[in-house]
Amino acid sequence: MLSIGTVIMGVGDVRRATEFWMRALDYVPREEPEDDWVVLVPSQGPGTALALGLSETPVQEHPRIHLDLYAGDAADQAAEVARLSALGAEEVDWDLYPEDADFIVLADTEGNRFCVIDTAHG
């Protein structure tokens, strides 16, 4: 049976992206980071790894793949959006929000889009 082991994201500055995602997710490098590649893993045990690879490909405004980060409820979601923004993320003026959305779209320090989800949203 297959499972997802690593999600790989292209970035323009591996070291800057590494700092952001380590602090955002409480991840640590699996091995010593390089200027063009790093694999981050959860600091508290098993889970999906996040690899960051140097890329010159432009960021997609509406990416085909993105990360969904789960928050417990609306208050937790708001707190996480504020925390991630303090780390360098920016809220995206997303033109595809449905009415009564349970997610907020952010961009990391490299412009990669990701969502913070209110998992208690009905």
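Model, not experiment: these values are computed from the prediction.

## Overview of the packing of aromatic side chains
Inference 1: This structure, assessed with the given rule, holds four aromatic pairs.
Inference 2: Residues Phe 20 and Phe 114 carry aromatic rings whose centres are separated by 6.2 Å and whose planes lie at 55 degrees to one another, so their mutual orientation is tilted. Here Phe 20 is found in helix H1 (residues 14-25), whereas its partner Phe 114 is found in strand E8 (residues 113-118), with 94 residues between them in sequence. Here Phe 20 matches Phe 114 in class, with each residue buried.

## Here we look at the pattern of salt bridges
Charged atoms that come close allow side chains of opposite charge to pair.
Inference 1: According to the stated counting rule, one finds three salt bridges in the structure shown.
Inference 2: Between Arg 15 and Asp 35 there is a salt bridge, with the nearest N and O atoms lying 3.0 Å from each other. Note that Arg 15 is positioned in helix H1 and Asp 35 in the loop between strand E2 (27-29) and strand E3 (37-42), a separation of 20 residues in sequence.
Inference 3: We classify Arg 15 as partly exposed; its relative accessible area is 42%.

About the criteria used
Residue indices begin from 1 for each chain and proceed along its sequence in written order. The predicted origin of the model limits local features to residues at a pLDDT of at least 70 and limits the giving and counting of side-chain atom pairs to 80 or more, whereas totals for whole chains, interfaces and linings rest on all residues. As a rule here, side-chain values cover all heavy atoms of the structure and leave hydrogens and water aside. Aromatic pairs are defined between Phe, Tyr and Trp rings, using the six-membered ring for Trp, whenever the two ring centres lie within 6.5 Å; interplanar angles under 30 degrees are classed as stacked, those over 60 as edge-to-face, and all others as tilted. The helix count covers DSSP runs of H or I at least four residues long, the strand count covers runs of E at least two residues long, and both are numbered beginning at the N terminus. Only protein chains enter the accessibility calculation, which uses a 1.4 Å probe. A residue is then buried if its area is under 20% of the maximum for its type, exposed if over 50%, and partly exposed in between. Salt bridge, as applied in this entry: a Lys or Arg side-chain nitrogen positioned within 4 Å of an Asp or Glu carboxyl oxygen.

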